[in-house]
Structures are given as C-alpha cells and as structure tokens.
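An overview of the molecular structure
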Amino acid sequence: MSSPFSIFRRNQRILMVVTTGLAMISFVLLGAISDPREIPTPLIVVFLAAIAGGIGWLLGLSRGKSSDWGVTGVILGALIAVFMIWSGRESNAVVMNGSDLTRKELIDLMRERNLANQFVQMAIVRTNPDLQEFEFQQRMMQFSFGGANTTEREVVLGEALRMEADSMHIDVTDQVVTEYINQMTDNKMTSAVFTEIRQDLGVTEQELLDVLKKEIRGRQALVLLYQQNQLTPQNFWEFYQKLNLQKSAQVASIPVSEFQKQIADPTDAEIESFFLEYRTNFPGMTPDGRLSEGRPGFYQPRRVRVAYLEAIHDQIEATVGEVTDEEIQARYEEEYMRAVPEDEVESPLGIGNEGLLRDPLLNEAPVLIPQEDADDSPAMESEEEAAQPDAPSEPEPAPEAESPAETETPKEEPAPEAESPQETETSESETPEGESSESESPESEGSEEGSSEEAEGEPEALLKTFDDLQFVAYQEEGSTEQSSDSEDAPSSDEPSAEEATETSPADESPAAESEPAPEKSEEQPVEKSEDPAPLTVPSEEPANADETASDESSADDKPEMKSEESEGASEETSTEEAPAEEDPVPPAPESDTRELTEQLKLEIRDTILRERTVAEIQKRMTAAQQFVAELGRNVAFGEVIEEGFISLEEATEQIKKYAAENDLEYIETPFMSAQELRESEDYPIGSGFVPALRFQEVPVVLFSTSSSDRLRPQQARNLFTGSEYVFWKFSEKPAYPPESLKDEPNLRAQVIDAWKKMKALPLAKERAEELAEIVRKSDKPMVEALSDERVTNDGDNLFLTVKTTGEFSWMTQGFAPSTGMQQQAQPRRSVVAAAPDAGERFFEMVFEELTPSEVGVVPNDDDSAIYIVQVEGSNESTAEKMDAMRKEFLDQGFQFSYMALGRELLSEYAEDISAMLWNKYDVQLYSSDPEVNAGE
C-alpha cells in the first residue's frame with residue numbers, strides 16, 4: 001500500500017490550491033465569528049459541503065474520477081450539514097407571524113431589556129442623586145422600558161412593537177438616543193458618567209447603544225399606536241367633588257342569600273350553559289377587563305403553591321437550656337439594682353442639674369428656680385443657726401423634758417395634724433433650736449441642727465436644706481399670713497422650746513413676732529417635705545384646746561383658715577386618739593427596689609428564656625434562608641437536568657432533612673390564590689409580613705414576582721401569633737379560563753352558587769322596593785318607618801336593621817403614609833361603615849341621583865345584598881356652600897390625587913395594545929415552565 005504522502009507529492013499543486021482555499025475560508029469567514037455557537041446556518045452548510053467535497057475529490061484521484069467523487073462529496077456534506085442543523089435545532093419558544101423566537105433568542109431579549117432598564121436607573125440616580133423617592137419612581141415609569149418586571153410576555157410584546165416600527169419605517173439614530181438620555185437626566189449626563197455606567201454594566205459602547213436603539217424604536221411605535229387622551233378641567237372638578245363632597249345617609253341591607261332558599265337547584269344543562277357564558281371573565285369584570293359590578297365570572301385566578309419552614313417556639317425553647325440562679329441574680333442586679341450615674345441622680349424634690357424644681361406631693365410640672373439657689377443651699381443651715389440666738393443656749397437634754405403628748409406623737413407619723421406646728425417642728429424635723437428628741441422617727445434621727453459638724457458632714461443635711469427651699473417656694477404666701485396673724489396677738493419675749501408648750505397663747509405670739517418671718521418659713525420645710533399633710537396648715541397653733549379657742553377668736557377675719565384651725569384644736573385634746581381617727585398620709589416607702597421574691601424569680605426566668613428562644617429562632621431562620629437560597633441556585637426546573645444541578649424533588653428532600661435536623665417544620669400549601677392564601681386558617685403563612693420589604697404581606701410578595709421566580713426564600717413574621725417563617729414559591733399556576741367544570745375541585749359549587757344568586761336577586765330587589773316605598777310614604781325617618789319590618793315577608797327571619805353612615809365622601813386619600821414607594825397616599829374609594837360592600841353603583845346613586853330625604857335601592861358591589869338608602873344631608877346643600885367649594889377648588893390648583901384618578905379614568909377608555917398585538921401576530925408563547933404554557 002502506497003504512503004499518503006506519495007499521493008500528496010504526486011498531486012502537490014492541486015492539493016496546495018485546495019488547502020489554501022480552505023485556509024482562506026477559515027480565516028476570513030470564521031474569524032468574524034466570536035462564538036462558534038453563533039455560526040450562521042448557511043455557512044455551516046457551505047463549510048461541511050466543502051470539506052466533504054475535498055475528501056471525495058482526493059479519494060477519486062486514485063481512480064481517475066476525482067471530479068465525480070468531489071461533486072458527490074459536496075452534495076453528501078451539504079445533506080449531512082442540513083440534517084445536523086435540523087436535528088440539533090432548538091425548538092421555538094415563541095411562534096408568531098413574521099418572526100419565531102428560540103429559547104436562546106428569548107433569553108437574549110430579556111437580557112437586553114434588563115440591560116436597558118439598568119442603564120436608565122443608573123443614569124437617573126448618578127446624574128440626579130438628590131431626587132426624592134417619589135420623583136425617582138415617576139421618572140422610572142416615564143423612561144424605563146416595559147413593565148415593572150421583565151417577563152417573557154413583556155419582551156415578546158416588545159418584539160411585536162419593533163415589527164410595527166419596521167412597518168412604519170421608524171428609524172432611531174445615535175442622535176435620538178443621545179436626546180433620550182439627556183431628557184431623562186435633565187441634560188446632566190457626561191461622557192465620564194456614561195463611561196462609568198457602561199463599565200459597571202460590562203458592555204461596550206456600541207452594544208449599549210444598539211440595545212437602547214431597539215428599545216426606543218419599540219417605545220416610539222407604542223406612542224404612535226396609542227393616542228393618549230387628555231383630561232379636561234371638568235374632569236379635575238369632578239375629582240375634587242369626589243374627594244371633598246360629603247353626604248350622610250341611613251342604610252338598610254337586604255341579604256340576597258335569604259332569598260336563595262326559595263330557588264331550586266339548577267339542572268346539569270343550566271349549569272353547563274351558565275358556566276360557558278361566564279368562564280372567560282373574572283367576577284365583576286367583562287371579558288375585555290372592564291368593570292362590571294355583579295357580573296358572575298369563573299376565570300380562574302393565578303394561584304401558587306408555597307413551601308415554608310416554620311419555627312415552633314416550644315420546640316426551640318426546649319433546646320436553649322435552663323436558666324440558672326446565677327443568671328437570675330445577675331439580671332436582677334442589672335435591672336433592679338442598677339447603680340444610677342451621678343449625672344442621673346435627682347434629689348427627692350426633683351432638683352436636678354438643670355435647676356428644675358418639681359413638687360413631689362402635687363405631681364406638677366417642673367418650675368424653674370435660680371441655679372445659684374441650689375448651689376448655695378449648703379450654706380443655709382449656718383445662716384439659720386446664726387439667725388437663732390436662743391438655740392445655742394438650750395441644754396442638750398432639753399428634749400427629755402417634753403410633755404408625753406409631744407414624745408408620743410412623733411411615733412405616730414401618719415397623723416401629724418394631731419400636733420401643733422410647734423410640736424411638729426420639734427418632733428419630726430430639724431429645728432434651729434435643736435429640740436429633736438431621741439425617740440423621733442427615722443426620717444429625723446441624728447439630724448439635730450444643734451450640731452453644725454453633722455450638718456456639714458452628712459449628705460442628708462444638704463437634701464434637707466433643699467426641702468427648705470421647696471417649702472419656701474410653695475409656702476411663702478402662707479408664711480406671710482402667719483406673720484400677720486401673729487402680730488394681732490400680745491407680744492412678749494420668745495420662750496425656749498420646753499416653755500413654749502406650757503405658756504399661754506399670749507406668751508407665744510411675741511415669740512413668733514420677734515422671730516424673723518423668713519426664718520420661720522425656713523424652719524418648717526423639712527417636716528413638710530417628708531409629711532405632706534402639714535402643708536395645709538399655714539401658721540403655728542397652740543398645743544391645747546384653750547389656746548385653740550383664743551386663735552379662733554383672732555382669726556375671724558380669715559374664714560378660709562378657721563375650719564382647719566378648729567379641727568386641729570379639737571384633735572389636740574387627745575393626742576393618742578387622733579391617729580386612729582385620721583390617717584391621710586401613708587408612711588413614705590423605705591425603698592423603691594423590688595424584692596427578689598420567688599414570683600420575681602419566675603418572671604426573670606421567663607424573660608431570659610423567651611429572649612434566648614427568640615434569638616435562637618432568628619439564628620436558625622437566617623441559616624435556613626441561606627441554605628434554601630444556596631440550594632435554589634443548583635436546581636434545574638426544566639425537564640433536562642444538566643450536570644451539577646439537581647431536580648426540584650431532590651432539593652425538596654434535602655430541605656425536609658434540614659428541617660428535621662434543626663427542629664423546624666416543613667409545610668407545603670396547595671395551589672391558592674392571593675385571597676385564598678390571605679384568608680386561610682390552615683396555612684398562617686398567608687397572614688405573615690416580610691420585615692425586609694417594609695412589612696409587605698406575604699401574598700403581595702409572592703404574587704408580585706414572575707412565574708420563574710422560585711426557590712428564592714424570604715423571611716416572614718406573623719404579627720398575630722409571633723411565628724417566624726422562611727417561605728418561597730414552590731410552583732405556580734397562571735390565571736386561565738377553565739374548559740370544563742372538572743378543571744378545579746370547587747368550580748361546580750361556585751357555578752351553582754352564582755346561578756342561585758342571580759335567580760334570587762330579583763326577589764331581593766322586589767322586597768327592597770317595597771320597603772323603600774314604605775319610607776317614601778312615611779313622614780318619619782327610615783329608622784322609625786322600618787322599625788317593625790323584617791328582611792322577608794315570611795316573618796321567620798330577623799328584623800331589618802337600619803344604620804346611620806355619618807358623613808362620607810366618594811373617594812378618600814387617608815392620613816396614613818403609603819407603605820409602598822409613593823410618598824403620598826393614593827386616593828381610594830371610601831369605606832362606609834353601614835355599607836361595607838358598597839361599590840361604584842352605590843356611590844353614583846348617593847352622590848349623583850339622590851338629594852336629601854330621597855330614598856333609593858341599589859345592589860352592593862357583588863350583588864350579594866341590596867341596600868335601601870335615604871340621604872340625610874350634604875355639605876353642598878346651599879348655593880353658598882357650593883360657591884365656597886368652587887373657590888377652594890380654584891385656589892388649590894392641581895393636586896397629586898388628580899393624577900391617580902386621571903390615570904384610572906384614562907385606563908377605562910384606553911385600548912388594550914398588548915391584546916391587539918397578541919392577536920394580530922397570533923403569538924404562541926411556549927415557556928420553559930410547563931405550568932405557564934397551560935395558561936397561554
């Protein structure tokens with residue numbers, strides 16, 4: 001057998017020509033393709049045909065039939081290329097007239113849409129960093145492409161719009177793109193910022209411009225196809241009236257269900273016919289999506305299956321360990337025995353660093369006192385001692401000579417009124433004369449003013465001078481009255497403290513007169529601050545009944561003080577009985593610190609255990625969310641599972657295993673709509689809120705994501721039960737028109753109930769009209785005219801209830817801030833307490849048809865009840881009031897709420913462009929998710 005090289009040497013020139021040609025094809029054509037997977041189909045055919053033809057030509061050289069074999073090779077290579085392309089061709093994800101899209105092309109379109117919207121967002125933020133959140137959202141709505149979420153349907157509609165742009169010969173140049181960017185950035189876009197954004201997005205300048213051109217072309221086609229309507233000033237006046245015009249009414253409700261009992265069950269033919277008539281629309285909507293209150297509908301809503309992990313509190317609590325006595329003691333010392341810093345210490349009188357004085361007895365607001373008064377207070381004791389020359393002359397054992405009444409009374413602290421003010425001063429407080437006895441209460445022990453060293457060394461002495469200050473502030477007027485009373489009595493030299501209790505009133509008055517008035521007011525505050533009751537006694541009184549009688553005669557010109565003095569005199573006759581008769585002031589508590597009892601230990605133990613459990617739950621739920629999120633990145637949802645990925649079933653088993661190992665409960669729900677999930681009692685996850693998303697409801701979060709957004713966990717919390725969850729969308733079933741009554745488990749029961757309600761509605765309306773006529777013919781209010789009426793005529797049901805609505809408007813904006821991105825609350829239809837299910841028909845009748853005292857009959861929003869309405873009043877009842885409303889409307893100008901109401905009004909008359917394009921191009925979307933295909 002000859003060597004292949006010998007063949008090459010014999011045909012060297014011809015083979016060199018062939019090799020050079022193939023090299024040229026490879027370098028010129030294939031070099032322009034960056035990705036071998038993007039080789040055009042014709043080029044693949046040519047390339048394989050050339051290779052097969054060359055091989056055939058070489059094989060035919062030895063037989064002298066190189067040309068024949070070469071042609072055969074070309075044909076065979078082309079057929080092989082076509083077969084390979086056909087067999088390996090990806091199935092179309094979108095079939096539409098004019099252009100089919102493969103799965104890869106659809107994914108590329110979604111990537112381009114996301115790229116364009118990311119550029120818009122980054123451009124607005126970086127060129128206008130000071131924009132408010134509301135302004136940013138408004139600008140994104142104006143300049144972004146497509147809806148809030150980039151879905152497969154959105155990008156298919158974008159492709160259809162570009163096909164419309166081709167038919168209208170719309171061309172977008174670089175200049176158009178530049179003007180679009182300048183418009184959305186207020187001409188603040190610079191080349192440096194543009195380059196920075198492009199680098200962050202990881203694309204070249206030409207790629208970014210091409211993407212923006214495609215999206216702008218589709219946007220311009222949409223603007224030309226959708227001729228926007230304009231709002232008129234009359235529309236704004238109507239919006240103002242809906243928000244500000246108020247009426248009040250009396251309302252009675254007739255439930256339609258009471259009349260369904262009279263309706264027989266429908267036949268199978270009636271059920272089938274009724275189902276087919278309304279299967280293509282939602283309840284209360286027409287098939288084209290317009291509002292039609294009361295209309296039956298069996299179009300099945302979008303439903304999702306939710307999987308979630310729940311932390312069972314009792315199970316987690318059993319794993320956190322017991323609380324020890326040492327921990328309880330430490331918590332007690334930390335929370336109940338905590339040392340208060342010096343800057344937080346406040347005197348018993350409420351004097352703080354700010355120089356504020358509060359009256360602890362009256363619990364009044366602070367009053368401002370000079371700061372220097374508080375600073376100079378330590379020197380006041382020495383001033384008192386200097387102002388009392390008799391005090392040093394008194395012997396130290398003087399308190400032992402007190403009368404029995406005086407020595408016993410201080411022990412009875414709850415009733416200081418039984419003593420005269422002079423006795424009170426000597427028994428329960430520091431007196432300048434140093435007359436305190438050793439048997440005094442703990443509040444006054446060891447605090448005699450006769451010892452200046454003790455007054456300067458003990459902290460209590462400083463606080464007691466603060467008490468003096470407080471008493472001066474509140475008793476200055478009383479001290480003045482006391483001095484005036486004392487001047488009316490005969491005067492003599494001031495006796496000692498022991499003699500004062502035995503002298504007559506005539507001898508005591510001079511003592512009071514000779515003593516300076518300010519010092520008399522300063523003698524009493526200590527006792528007054530510790531025992532509040534003596535604050536009501538403004539002057540000194542004698543210690544016996546005879547002296548009281550003398551004071552009564554001298555105080556005739558002050559009737560407001562007479563009763564108090566007389567009461568003190570009568571009580572003084574028996575000092576031992578006085579405490580039993582009156583006990584107005586309880587003893588001051590010895591300590592504010594709660595004792596560590598067994599009950600308190602249990603409370604502290606429960607608190608520590610609860611804190612541990614909550615912290616452990618948070619820790620486990622955070623770890624569970626991370627586990628599910630990491631697992632979700634490796635899950636393949638299609639039929640073909642590539643290497644390195646796992647199926648959804650395998651992922652579910654791993655999650656169940658993880659839940660069992662961490663004392664968590666794994667739960668899956670059936671397919672449920674948003675309303676069904678929110679109202680479910682079996683699955684409390686529907687009542688949860690997501691803290692990370694401004695506490696949005698779980699159903700809102702689930703149904704705001706696309707169908708492909710699965711196994712992306714979020715943490716939620718049930719504010720009613722305190723449960724913690726990690727939840728994710730397990731699978732989804734899109735909204736769809738059912739083909740038969742067997743498509744959903746409860747569909748047949750829904751159809752029968754709706755059929756009966758429709759048949760019973762005329763009977764309920766007839767009864768409502770009868771009752772309305774009774775009200776029209778009566779000269780009484782509706783609540784009285786219908787007081788003896790029942791819902792039906794058979795007399796076997798409850799009496800009719802008439803409720804008053806109070807004033808309400810058609811629309812309300814509310815005072816609570818919006819929880820979404822909008823800074824202002826969106827206007828919404830008012831909720832009427834007497835008619836909670838009132839719909840647009842109710843408000844139209846009340847505000848547009850009925851005047852005060854007129855009666856009407858109108859169904860609620862879903863025809864489940866009939867309302868009998870009598871309007872009571874209106875804030876536009878006179879021409880003057882209406883003129884005032886018009887003036888206010890003109891003065892207010894344009895309001896934010898008009899924008900939202902105008903958008904809603906325009907949407908009622910807008911053509912559904914998406915439905916028009918979908919039908920025009922006969923679009924068939926085959927999603928990678930089989931459940932999505934079922935609904936398209």
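Remember, it's a predicted structure, so these values are computed and weren't measured experimentally.

**Considering the overall build of the chain**
- When helices and strands are tallied, the chain shows 39 helices and 18 strands.
- Counting all 936 residues of the chain, 41% fall into the buried class.
- Look at the contacts in the chain between residues 6 or more apart in sequence, and 68% of them connect residues 24 or more apart.
- Total accessible area computed for the chain in this model is approximately 51900 Å², and 52% of it derives from carbon and sulfur atoms.

**Observations concerning the side chain of Arg 217**
- Its location among the elements puts Arg 217 in helix α10 (residues 205-225).
- Here Arg 217 falls in the buried class, since its relative accessible area comes to 16%.
- A polar side-chain atom of Arg 217 sits 3.3 Å from the main-chain carbonyl oxygen of Ile 170.
- The contacts of Arg 217, once residues within four sequence positions are left out, are Arg 162, Ala 165, Asp 166, Ile 170 and Val 172.

**Description of the pattern of salt bridges**
- All told, the structure shown has 42 salt bridges when counted by the stated rule.
- A salt bridge links Glu 732 to Arg 302, with the nearest nitrogen and oxygen atoms 2.6 Å apart. Pair noted here: Glu 732 is in strand β11 (residues 724-733) and Arg 302 is in the loop between α13 (268-278) and β4 (303-311), with a separation of 430 residues, a long-range link.
- Glu 732 gets classed as buried once you look at its relative accessible area, which sits at 5%.
- What makes Arg 302 partly exposed here is its relative accessible area of 21%.
- Note that Glu 327 and Arg 612 form a salt bridge whose closest N and O atoms lie 2.4 Å from each other. A residue pair is termed long-range when its members are at least 10 positions apart, and Glu 327 in helix α15 (residues 325-335) and Arg 612 in helix α29 (residues 598-632) qualify at 285 residues.
- Three or more residues are tied together by salt bridges with common partners; here these are Glu 293, Arg 829, Glu 840, Arg 841 and Asp 863.

**Focus on the sheet that holds strand β18 (residues 924-925)**
- Ordered by their spatial adjacency, three strands build an open sheet running β2-β1-β18, and the pairing between neighbours is antiparallel. Since the sheet does not close on itself, it has two edges, and those belong to β2 (101-102) and β18, each with one partner.
- Here strand β1 (residues 92-95) runs beside β18; their pairing, made up of two bridges, is antiparallel. Paired with Val 94 across the two strands is Leu 925, which belongs to β18.

**Overview of helix α30 (residues 648-661)**
- Look at α30: 20 Å from first C-alpha to last across 14 residues, which is about the 20 Å you get at 1.5 Å a residue.
- Residues of α30 that are buried include every one of Leu 648, Ala 651, Thr 652, Ile 655, Tyr 658 and Ala 659, and no others. Along α30, the residues classed as buried sweep out an arc of 120° about the axis, all on the same side. Among the exposed residues of α30, those pointing more than 90 degrees away from its buried face are Glu 649, Glu 653, Lys 657, Ala 660 and Glu 661.
- Of the residues one or two after α30, Asp 663 is the one with positive phi, at around 60°.

**Brief notes about the pairing of strand β17 (residues 865-874)**
- Most of β17 sits out of view: nine of its 10 residues are buried.
- Bridge count for strand β3 (residues 246-255) against β17 is nine bridges, and the pairing is antiparallel. In the sheet register, Gln 250 faces β17, and the bridge partner there is Gln 870.
- Sheet topology places strand β16 (residues 855-859) next to β17; five bridges connect them, and they run antiparallel. When the sheet's bridge partners are listed, Pro 859 is paired in β17 with Ile 866.
- Hairpin connection between β16 and β17: a loop of five residues separates the two successive antiparallel strands, and Asp 863 in this loop has a positive phi of roughly 65°.

**A look at a negative patch on the surface**
- A grouping of Glu 238, Glu 844, Glu 848 and Glu 849 is seen on the molecular surface, where their side chains present a negatively charged patch.
- Counting residues per element, the negative patch draws most heavily on helix α35 (residues 840-849), which supplies three residues.
- Take Glu 849: it is sitting in helix α35.

**Details of the environment of Pro 301**
- Along the chain, Pro 301 turns up in the loop between α13 and β4.
- According to the relative accessible area criterion, Pro 301 is partly exposed, its value standing at 27%.
- For the pair formed by Pro 301 and Gln 675, sequence separation is 374 residues and the distance between their alpha carbons is 9.6 Å.
- In this view, Pro 301 contacts Phe 282, Ser 673, Lys 733, Pro 734 and Ala 735; residues no more than four positions away in its chain are not counted.

**A word on the environment of Gln 329**
- Inspection of the secondary structure assignment puts Gln 329 in helix α15.
- Along the sequence, Gln 329 and Lys 601 sit 272 residues apart, while their C-alpha atoms lie 8.4 Å from each other.

**Quick look at the side chain of Thr 805**
- Inspection of the secondary structure assignment puts Thr 805 in the loop between β12 (802-804) and β13 (808-809).
- A residue is classified by how much of its surface remains accessible, and Thr 805, at 14% relative accessible area, is buried.
- In contact with Thr 805, other than residues within four places in its own chain, are Ser 248, Ala 249, Val 251, Val 832 and Ala 834.

**Concerning the pairing of β16**
- The buried fraction of β16 is high, at five of five residues.
- Here β16 shows a buried face lined by Val 855, Val 857 and Pro 859 and a second buried face lined by Gly 856 and Val 858.

**Some remarks on the nonpolar core**
- Ranked by internal contacts, the top residues of the largest apolar core, which has 32 residues, are Ile 254, Phe 298, Val 751, Ile 866 and Ile 868.
- For this core, the secondary structure elements donating two or more residues are β3, α13, α33 (747-777), α34 (782-785), β16 and β17.
- Broken down by element, this core gets its largest block of residues, 11 residues, from α33.
- For Ile 254, the contacting residues outside a window of four places in its chain are Phe 259, Ala 764, Ala 768, Leu 771, Val 791, Leu 800, Ala 865, Ile 866 and Ile 868.
- By size, the runner-up hydrophobic cluster in this structure holds 29 residues, among which are Tyr 240, Trp 810, Phe 842 and Val 858.

**Describing unusual backbone geometry**
- The phi angle at Arg 694 is positive, at roughly 60°, despite the residue not being glycine.
- For Arg 694, the location among the structural elements is in the loop between β8 (689-690) and β9 (696-697).
- Positive phi values are uncommon outside glycine, yet Asp 922 reaches one of about 50°.
- Here Asp 922 shows up in the loop between α38 (913-920) and β18.

**Topic: the packing of aromatic side chains**
- Inspection of the entire model under this criterion finds 25 aromatic pairs.
- Centroid distance Phe 274 to Phe 298: 5.8 Å. Interplanar angle 65°. Geometry classified as edge-to-face. Taken as a pair, Phe 274 in helix α13 and Phe 298 in the loop between α13 and β4 lie far apart in primary sequence, 24 residues in all.
- Here Phe 298 falls in the buried class, since its relative accessible area comes to 3%.
- Plain terms: the ring middles of Trp 810 and Phe 847 are 6.0 Å apart, the flat faces sit at 25° to each other, and that makes the pair stacked. Taken as a pair, Trp 810 in the loop between β13 and β14 (811-812) and Phe 847 in helix α35 lie far apart in primary sequence, 37 residues in all. A single burial state applies to Trp 810 and to Phe 847, both of which are buried.

**Examining the confidence of the model for the chain**
- Residues with a pLDDT of 70 or more make up 65% of the chain, whose mean pLDDT is 74.
- Of the regions scoring below 50 in pLDDT, residues 816-823 engages in 13 contacts with residues more than four places distant in sequence or in other chains.

**Side note on the packing of helix α5 (residues 103-127) against α10**
- Look at α5 against α10: their axes get within 9 Å of each other, and the N-to-C directions meet at 100°. Taken as axis vectors, α5 and α10 run roughly perpendicular relative to one another. Two secondary-structure elements touch here, α5 through Leu 109, Glu 112, Arg 113, Leu 115, Ala 116 and Phe 119 and α10 through Leu 208, Val 211, Leu 212, Lys 214 and Glu 215.
- Of the residues belonging to the contact of α5 with α10, the class tally is seven nonpolar, no polar and four charged.

**As for the packing of α5 against helix α9 (residues 191-201)**
- Interaxial distance between α5 and α9 falls to 10 Å at its minimum, and their mutual angle equals 140°. In terms of axis orientation, α5 runs oblique to α9. Where α5 crosses over α9, the handedness of that crossing is right-handed. For the pair α5 and α9, contact is made by Leu 115, Gln 118, Phe 119, Met 122, Ala 123, Arg 126 and Thr 127 and by Val 193, Phe 194, Glu 196, Ile 197, Asp 200 and Leu 201, respectively.
- Class assignment of the residues belonging to the contact of α5 with α9 gives a composition of eight nonpolar, two polar and three charged.

Thresholds applied
Residues numbered from 1 in each chain as written. Predicted model: local features only at pLDDT ≥ 70, side-chain atom pairs only at ≥ 80, totals over all residues. Heavy atoms only, no water. Helix = DSSP H or I, 4+ residues; strand = E, 2+ residues; numbered from the N terminus. Buried < 20%, exposed > 50% of the residue type's maximum accessible area, 1.4 Å probe, protein only. Contact = heavy atoms within 4.5 Å. Areas by Shrake-Rupley, 256 points an atom, 1.4 Å probe, with all protein chains shown as cover. Polar contact = N/O pair within 3.5 Å; in protein donor to acceptor, adjacent residues only side chain to side chain. Salt bridge = Lys/Arg side-chain N within 4 Å of Asp/Glu carboxyl O. Pairing = 2+ DSSP bridges. Expected span 1.5 Å × (residues − 1). Arc of directions from axis to C-beta. Patch = residues over 30% accessible without salt bridge, like charges linked within 9 Å, V, L, I, M, F, W, Y side chains within 5 Å. Lys, Arg positive; Asp, Glu negative; His and termini not counted. Charge placed at Lys NZ, Arg CZ, Asp CG, Glu CD. Core = buried A, V, L, I, M, F, W, Y, C linked by side-chain atoms within 4.5 Å. Phe/Tyr/Trp six-rings, centres within 6.5 Å; stacked < 30°, edge-to-face > 60°. pLDDT = per-residue confidence, 0-100. Axes fitted to C-alpha atoms, helices over the stretch in contact; angles between N-to-C directions. Parallel < 35°, antiparallel > 145°, perpendicular 65-115°, else oblique. Nonpolar A, V, L, I, M, F, W, Y, C, P; charged D, E, K, R; others polar. Left-handed = near helix turned anticlockwise from the far one by under 90°.

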